[in-house]
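Chains, contacts and geometry: an overview
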Amino acid sequence: MCGIFGYTGNREAKEILLHGLRRLEYRGYDSAGICVIGENGDFKRLRVRGNLDILENHLANQVMPGKIGIAHTRWATHGAPSEQNAHPHSDCHENLFVVHNGIIENFSQLRGELLERGHEFSSETDTEIIAHLIEEKYEGDLSVAVREAIRQLEGSFAIAVVHRGEPETLVAARRESPLVIGVGTDEWFVASAVPAFLSMTRKVIFLEDNEIVTVCGKSLRITDLDGVEIERKPQEITWDLDAAEKSGYEDFMLKEIFEQPRAFMDTLADKFSREGEISIEGFFSNKDYVMSLRRIVIVACGTSYHAGLISRYLFEQWAKVPVEVEIASEFRYRGAVLSEQDLIIAISQSGETADTLASVREAKAAKVPVIALVNVVGSQMTREADSVIYTHAGPEIGVAATKTFTSQMAALAVLALHFGRIRDALSDGKYGVIAEALRGIPVLMKDVLADIEPIAECAQEYSHCENFLFLGRGISYPVALEGALKLKEISYIHAEGYPAGEMKHGPIALLDRRVPVVAVVTRDSLYEKMVSNIEEVKARGAPVIAIASTGDPDIEKVCDRVLRVPETIELLSPPLTVIPLQLLAYHIAKIRGCNVDQPRNLAKTVTVE
Ligand code: F6R
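Because the structure is a prediction, the values reported are computed rather than measured. (Residues numbered from 1 in each chain as written. Predicted model: local features only at pLDDT ≥ 70, side-chain atom pairs only at ≥ 80, totals over all residues. Heavy atoms only, no water.)

Pairing within the open sheet is parallel, and its 5 strands lie in the order β17-β16-β18-β19-β20. One side of each edge strand has no neighbouring strand; the edge strands of this open sheet are β17 (323-327) and β20 (387-390). Across the sheet, the axes of successive neighbouring strands diverge by a mean angle of 20°, strand direction being ignored. Both strand β18 (residues 342-348) and strand β19 (residues 370-374) contribute to a ladder of 5 bridges, which runs parallel. Considered in β19, the bridge of Ile345 is made with Ile371. Here helix α14 (residues 403-422) sits on the sheet and contacts β16 (295-300), β18, β19 and β20; the angle it forms with β18, its principal contact strand, is near 165°. (Pairing = 2+ DSSP bridges. Helix = DSSP H or I, 4+ residues; strand = E, 2+ residues; numbered from the N terminus. Axes fitted to C-alpha atoms, helices over the stretch in contact; angles between N-to-C directions. Contact = heavy atoms within 4.5 Å.)

Encoded structure:
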């Protein structure tokens, strides 16, 4: 996720662009840049590694005359945070400039083709190829060139483009990444989100997928990919700034829960080739290495630890590699016996968690290779690990991890499949079925998010309870742990996650009508066993809330409330079953008046022991 912003009008652009970027900073803050074009086609561009303060400091004494420009605040995906990789990017001759939010999936292929045609690149980004594609198509009309260029792109993008030869024209386009136009008086704004220009205009036009907008002077023109004009009237925004930053959602956590299909898809996007084969690079893709693997040890904390627990089933069943999953704060002091045929996978959203980082150092000291699975590009862990795999969830502002958790599952599923392929543990047929199901998960996540009323009603009914038990078996056991963690951290209710089969060995003593039990009971290989556990719970008078498959009418008979999720293959159910649990925790916390984005005593990144 990045923030893009563009302006054309009758005022000096520089300050307006900086103001807009400030309002988009939550979308990314590892580098920033701005480009302004003067009336005679002169341009000034400045890009920095780091946040907006650094950009502003550099700009403080610089004059940037011009009434049109574009700006960007970056959350790195392709290419580390650096000045060279910061936007705006340009073509070979610095005639045109582009800012981009999204991921271009066919970037490697397009880059290769452009190189063959003599283009030279100065960054590692996918964005730069867009500038070069527009350059190739430009014959005096920027709007047409952008349209021709984006036809070649696969993946997601929102772009804003300016050209020195048309120093009043701003062109923008989108597919699957957000883009909104602000309509002022003889001035126009384009941005990733409304807050960027809300203090300057409340009149907006939302651009739809595969639409291109060209603004210049008093004119606005929207077309589709075939150049057919589209009529669209501006709407009036009534939200305040705070609501606008959250795209109209009440809290960042809720917004991030709803971003999960997109985050999951983006995380998969750069890990599969167009032909559907896995394309991830690193020492772990070497056949001899993968064949000699004796064991995977996963280290992580909190929610990332739960993602690790889920992935154990995938690595063991698909790749036939034994897996241990360790809480990093324990692992680092245990004097664990490691060998060079082990592989450590450190999972961390932030890439800065002290205990996980210390575990990476322990492993390195024992000469064990380390893969870091991280969301924040350029974070400490990415510098210390031997290889890095990224989730592409974008910045997570809510303290409780949501979209980064499901994105971790996406990345771990790809890695498990990758190992399964290399170790010949998966037939072509089985690989095909799993890969297809994996790529289908975002659509199913959207289905879960389309029907949240029953979850809110359920929260209403049980929000007064002071204790909850979460149960699951097999792949749903770590989901139960995550459901309990979400509830306790944002609503301050005591909640425990347990493997359902263990209930008889202690926790059953806690049960009575005041202790709701949340049971994750999808139609899988352990379904009957799980139903028996639910019957045991019911016999003790505890209410049962089931997270169950859509095609399971019988579950209603043994549960008080049923929250439905669509069916998929067993090992891929967690990104679906966890969503009702996130939303249940969210609604209960809201009913109890808790601050869900900043729960008490918690920090987003735990850089101390
Ligand atoms: C829970 C949560 C934490 C983190 C944990 C690890 O919602 O956010 O439990 O998962 O602090 O953080 P990372 O993944 O940054 O290492």
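With that out of the way, let us pick up the site of the ligand. Around the ligand, 13 residues are found, and the nearest of them are Ser304, Ser348, Ser350, Thr353 and Glu489. Within the contact set of the ligand, an oxygen atom lies 2.4 Å away from a side-chain nitrogen or oxygen of Thr353. In the model, an oxygen atom of the ligand is placed 3.0 Å from a nitrogen or oxygen of the Lys486 side chain. When the ligand is considered free in solution it has 410 Å² of accessible area, and contact with the protein chains removes 89% of it. Breaking the shell around the ligand down by element, the ones donating at least two residues are α10 (302-319) and α17 (477-491). For the shell around the ligand, a count of residues per class yields 4 nonpolar, 7 polar and 2 charged. (Near = heavy atom within 4 Å. Polar contact = N/O pair within 3.5 Å; in protein donor to acceptor, adjacent residues only side chain to side chain. Areas by Shrake-Rupley, 256 points an atom, 1.4 Å probe, with all protein chains shown as cover. Nonpolar A, V, L, I, M, F, W, Y, C, P; charged D, E, K, R; others polar.)

This part is about unusual backbone geometry. Residue His87 is joined to Pro88 through a cis peptide bond whose omega torsion reads 0°. Note on placement: Pro88 falls in the loop between β4 (68-74) and β5 (89-90).

This next bit is on the pairing of strand β13 (residues 219-223). Examined bridge by bridge, strand β12 (residues 211-216) and β13 share 5 bridges and lie antiparallel to one another. Across the sheet, Ile212 pairs through a bridge with Thr223, a residue of β13. In the sheet, β13 pairs with strand β14 (residues 229-230) via 2 bridges, with the strands oriented antiparallel. Across the sheet, the residue bridging to Ile222 is Ile230, located in β14. Joining the antiparallel neighbours β13 and β14 is a turn of 5 residues, in which Gly227 adopts a positive phi near 85°.

The relation between two aromatic rings is expressed through the spacing of the ring centres and the mutual angle of the planes. All chains considered together, the criterion is met by 9 aromatic pairs. Measuring from ring centre to ring centre gives 5.4 Å for Tyr7 and Phe189, while their planes differ by 50°; the resulting arrangement is tilted. Of this pair, Tyr7 sits in strand β1 (residues 3-8) while Phe189 sits in strand β10 (residues 188-191), placing them 182 residues apart in sequence. Comparing Tyr7 with Phe189 shows no difference in burial state: the two are buried. Three or more aromatic residues joined by ring pairs form one cluster here, namely Phe5, Tyr7, Phe189 and Phe197. The ring of Tyr431 is capped by Arg421, whose NZ or CZ atom sits 4.0 Å from the centre of that ring. (Phe/Tyr/Trp six-rings, centres within 6.5 Å; stacked < 30°, edge-to-face > 60°. Buried < 20%, exposed > 50% of the residue type's maximum accessible area, 1.4 Å probe, protein only. Lys NZ or Arg CZ within 6 Å of the ring centre and 35° of its normal.)

Entries for the protein chain in the domain assignment read domain 1 (3-245), domain 2 (254-446) and domain 3 (451-591). Summarising the inter-unit geometry, the C-alpha centres of domain 1 and domain 3 are found 45 Å apart. (Domains from an automatic or database assignment.)

Take the sheet that holds strand β22 (residues 494-499) next. One open sheet holds the 5 strands; their spatial order is β22-β21-β23-β24-β25, and the pairing between them is parallel. Sheet topology places β22 and β25 (561-565) at the edges, where each strand pairs with a single neighbour. Each adjacent strand pair in this sheet contributes to an overall mean axis angle of 20°, direction not counted. In this structure, strand β24 (residues 544-549) lies alongside β25, joined through 5 bridges in parallel fashion. The residue bridging Ile547 from the neighbouring strand is Leu563, located in β25. Strand contacts of α17: β21 (467-472), β22 and β23 (517-521), with the helix running at about 175° to β22, the strand carrying the most contacts.

Examined against the element boundaries, Leu438 turns out to sit in helix α15 (residues 428-449). Exposure remark for Leu438: the relative accessible area of 0% places this residue in the buried category. Expressed as a C-alpha distance, the spacing of Leu438 and Phe107, which sit 331 residues apart in the sequence, is 22 Å. Setting aside its immediate chain neighbours within four residues, Leu438 contacts Phe264, Leu268, Phe272, Ala413, Val414, Leu417 and Leu572.

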